[in-house]
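# Commentary on secondary and tertiary structure
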Amino acid sequence: FQGLITGADDIFHLSLIERENNGLLRVRNGLGETVVLEPGLLKPLVAGKNIERYCIKDTGDLLLFPYDVANQKATLVSSDQMEARYPATWRYLLSHEAALRGRENGKMDHERWHAFGRTQSLGLHESPKLAIPRLVHRLEAGYDSTGGLYLDNVDVGGIIFRDASRAAYIRILGLLNSALLNWYFSRRSAPFRGGFRSANRQFLEPLPIAKQAPSKDASFIALAEEMLGLHKRLSEFGNTLLTEQESLLRQIE
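Every residue gets a number counted from 1 within its own chain, in the order that chain's sequence is written. In keeping with the model being predicted, local features are shown solely for residues with a pLDDT of at least 70 and side-chain atom pairs are shown and tallied solely at 80 or more, while totals for entire chains, interfaces and linings include all residues. Side-chain metrics in this entry use all non-hydrogen atoms of the structure; hydrogen atoms and water are not considered.

Comment: elements are numbered from the N terminus, with helices defined as DSSP H or I runs of at least four residues and strands as E runs of at least two. In terms of regular secondary structure, the chain is built from 10 helices and 15 strands. Radius of gyration: C-alpha atoms only; globule rule: 2.2 Å multiplied by the number of residues to the exponent 0.38. The C-alpha atoms of the chain give 20 Å as radius of gyration, which agrees with the globular expectation for 253 residues (18 Å, within 12%). Projecting the C-alpha coordinates of the chain onto the three principal axes gives extents of approximately 55 × 40 × 40 Å. Taking all 253 residues of the chain together, the buried fraction comes to 41%. Calculation of accessible area relied on Shrake-Rupley with a 1.4 Å probe; when residues are assessed, cover is drawn exclusively from the protein chains displayed. Here the chain has roughly 13,900 Å² of accessible surface; of this, 50% comes from carbon and sulfur atoms. The buried label goes to any residue with under 20% of its type's maximum accessible area, the exposed label to any with over 50%, and the partly exposed label to all in between, with areas taken from a 1.4 Å probe on protein chains only.

So this is what it looks like as C-alpha cells:
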C-alpha cells in the first residue's frame, strides 16, 4: 500500500519543536506557523529519505491524523468529538477551514472537510509493516515492528503480510536488503535520473522469493535479526563514538 495523501501537507505535516510541561506538543507547520497541540492525533511521519537498509530514522516529523483506528479500519473523528477531545487541534484546523474546504477544486467543501483528500489504506499504518522508499539507489527496506509509523504519500510504500509473525517480517526484510535480490531488482526496475530506480509494486512483485524454505529459514532469520540489531545500534550513535561506529560497520560488512 502507498503512503497517505492529505491534499494539504502544509497543514497536516508538522515538525516537532518541543514538548511542553503540560504534555502538549509545540510544532511548526509547512506555512511557518507555530502552534501547541494535543499529542493524541499526532503520529510519527516517515518519508522515503528516512529509510535505509534495516533502519527507519526518526526525524521529528509528525502527521496530524484526524482518525480513530480499530482493526485496520480508520474512522474520521467528528467535529463534535474533535472539539471535546482535542480542542487545541480543532482550533488549529478551524483556522485553516477555508483552505481545507477548497481542496480538490472545492470537492472537500462538506461536513467532513477536515478529512484527508484520499482515503485509501488509512487504517493500515498502525500495523507492523515493512517500509520501502519508492526511489532507491539500491533495494532497501526498514521494519516498523510496532506499527507506530505513518508513511508519507507516494514517496514510500508499506507491505503487510497475512502471516504477521515477527519471523515472517524479518525473513522478507533480510531478503529485500540482500545483495542477491538487489542484483535481480536492478536488472528489472525502471531507471531514473541520478542513478535512482523505481521500487514500486510492479517491480517488487516479480522478485523471486520462495514461500517456504524451512531448511534454511532459521539460520537466515537469525542473521537478519543480527543485522537489524547492528543497524539499530549504529543509528543511535549519531556522530559520536567513531571507534564503536567503525566496529559496528565491520560487523555489518
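Any two side chains of opposite charge can pair, on the condition that their charged atoms come close. In the sections that follow, a salt bridge refers to a side-chain nitrogen of Lys or Arg positioned within 4 Å of a carboxyl oxygen of Asp or Glu. Per the stated rule, a full pass over the model turns up 13 salt bridges. Salt bridges here are not isolated pairs; linked through shared partners, they connect Glu18, Glu20 and Arg26.

As for its placement among the helices and strands, histidine 96 is situated in the loop between α3 (87-94) and α4 (97-101). Of the residues examined, histidine 96 reaches a relative accessible area of 10% and is grouped as buried. Apart from residues no more than four positions distant in its own chain, histidine 96 is found in contact with Ile11, Asn29, Leu31 and Glu33. In what follows, a contact means two residues having at least one pair of non-hydrogen atoms within 4.5 Å.

A few words now on the packing of aromatic side chains. Two rings from Phe, Tyr or Trp (for Trp, the six-membered ring) form a pair when their centres sit within 6.5 Å of each other. Planes less than 30 degrees apart are called stacked, planes more than 60 degrees apart edge-to-face, and all others tilted. Using the criterion set out here, one finds 8 aromatic pairs in the structure. For the ring pair phenylalanine 65 and phenylalanine 116, a centre distance of 5.7 Å and an interplane angle of 70° mean the geometry is edge-to-face. In this pair, phenylalanine 65 sits in the loop between β7 (61-64) and β8 (67-70) while phenylalanine 116 sits in the loop between α5 (103-106) and β10 (129-133), placing the two residues 51 residues apart along the sequence. Overall, phenylalanine 65 belongs to the buried group, its relative accessible area being 0%. Under the relative-accessibility criterion, phenylalanine 116 is labelled buried at 2%. Between tryptophan 90 and tryptophan 113, the aromatic rings sit 5.3 Å apart at their centres with planes inclined by 35°, giving tilted as the arrangement. Note that tryptophan 90 is positioned in helix α3 and tryptophan 113 in the loop between α5 and β10, a separation of 23 residues in sequence. The class of tryptophan 90 is buried, set by a relative accessible area of 7%. What makes tryptophan 113 buried here is its relative accessible area of 4%. Among the aromatic residues, those joined into a cluster by ring pairs are Phe12, Phe65, Tyr67, Phe116 and Tyr150.

So, about unusual backbone geometry. A positive phi angle, close to 55°, is found at asparagine 71, a residue other than glycine. Following the sequence through the fold, asparagine 71 ends up in the loop between β8 and β9 (73-76). A residue is classified by how much of its surface remains accessible, and asparagine 71, at 76% relative accessible area, is exposed. The backbone of glutamine 72 sits at a positive phi, close to 65°, despite the residue not being glycine. Inspection of the secondary structure assignment puts glutamine 72 in the loop between β8 and β9. Under the relative-accessibility criterion, glutamine 72 is labelled partly exposed at 39%.

Buried residues of nine kinds, namely Ala, Val, Leu, Ile, Met, Phe, Trp, Tyr and Cys, make up a nonpolar core once their side-chain atoms join them within 4.5 Å. Counting residues in hydrophobic clusters, the biggest one holds 31 residues, and the most contacted among them are Leu64 and Leu93. Sorting the residues of this core by element identifies α1 (9-12), β2 (25-29), β3 (34-37), β4 (42-46), β7 and α3 as the ones contributing at least two each. Of all hydrophobic cores here, the second largest spans 27 residues; its members include Ile170, Ala199, Leu230 and Phe237.

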